[in-house]
Structure formats: structure tokens, C-alpha cells
Amino acid sequence: ICSVKGVSINYFLKDFEDKILAKYRTTFSINPKKGAFYLKFKLSVKEGRVKHMPESGDDSHYNLLKADSFNLANLEIIDTVKFA
């Protein structure tokens, strides 16, 4: 049940960067109303956990399982990247 309610994220490792960027370029071109940004962030332990949920050809895919006390303001923002 938790995984169904999880938020889809990609775990950033240098080895995954090109695949992640290609995935988001495709997503943003198909559905531009979603916005053309992606956010790199660090998650503190108290905000939730991540569960590895690889998809076909995407080993960087995880589900973010948010704690009841989850607050976006507690994310450590590393970078915001705009594609368009």
C-alpha cells in the first residue's frame, strides 16, 4: 500500500545522470503543461524513506515514502534545472 502512495523519484548518481536527463526531456516534451523543471534535493531521514523500484531500463527509479510530518520546506534544495 505504501508503494502505491509513494512519489516517483530518481536517485541521483553520476552514472545515472544522462539517463535521468533524457527521461525528463522526453516527459517534458510530451506533456509541457507539467512544467519543464526538475529539482535535485536531499531528503533528511525524518522526512521519509526511499524504496528502490527499478523500472524497465531505469535502475535509478525509487519511490519516496513520505513521513506523516513531511514538509517540502525541509528538503535541502541542491539545484533546479529548467529545460525550456
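Residues numbered from 1 in each chain as written. Predicted model: local features only at pLDDT ≥ 70, side-chain atom pairs only at ≥ 80, totals over all residues. Heavy atoms only, no water.

Draft legend 1. Representation of the sheet that holds strand E3 (residues 48–52). Within the open sheet, the three strands sit side by side as E1-E4-E3. Their pairing is antiparallel. Of all strands in the sheet, those with a lone pairing partner are strand E1 (7–10) and E3, marking the two edges. Between one strand axis and the next, the sheet turns by 35° as a mean value, whatever way the strands run. Inspection of the sheet shows E1 paired to strand E4 (residues 61–66) by four bridges, in the antiparallel sense. (Pairing = 2+ DSSP bridges. Helix = DSSP H or I, 4+ residues; strand = E, 2+ residues; numbered from the N terminus. Axes fitted to C-alpha atoms, helices over the stretch in contact; angles between N-to-C directions.)

Draft legend 2. View of the layout of surface pockets. Taken as a whole, the largest pocket encloses approximately 810 Å³ of empty space. As for the largest pocket, its lining consists of 27 residues, and the residues nearest its centre are Ile9, Asn10, Leu39, Lys40 and Phe41. Where the lining of the largest pocket is concerned, the elements lending two or more residues are E1, helix H2 (17–30), strand E2 (37–42) and E4. In the lining of the largest pocket, the residues fall into 19 nonpolar, three polar and five charged. (1 Å grid on protein atoms, 1.4 Å probe; cavity = no way out; pocket = protein on both sides within 12 Å on 5 of 7 lines; lining within 4 Å. Points joined across faces, edges and corners; volume = space filled by probe spheres on them. Nonpolar A, V, L, I, M, F, W, Y, C, P; charged D, E, K, R; others polar.)

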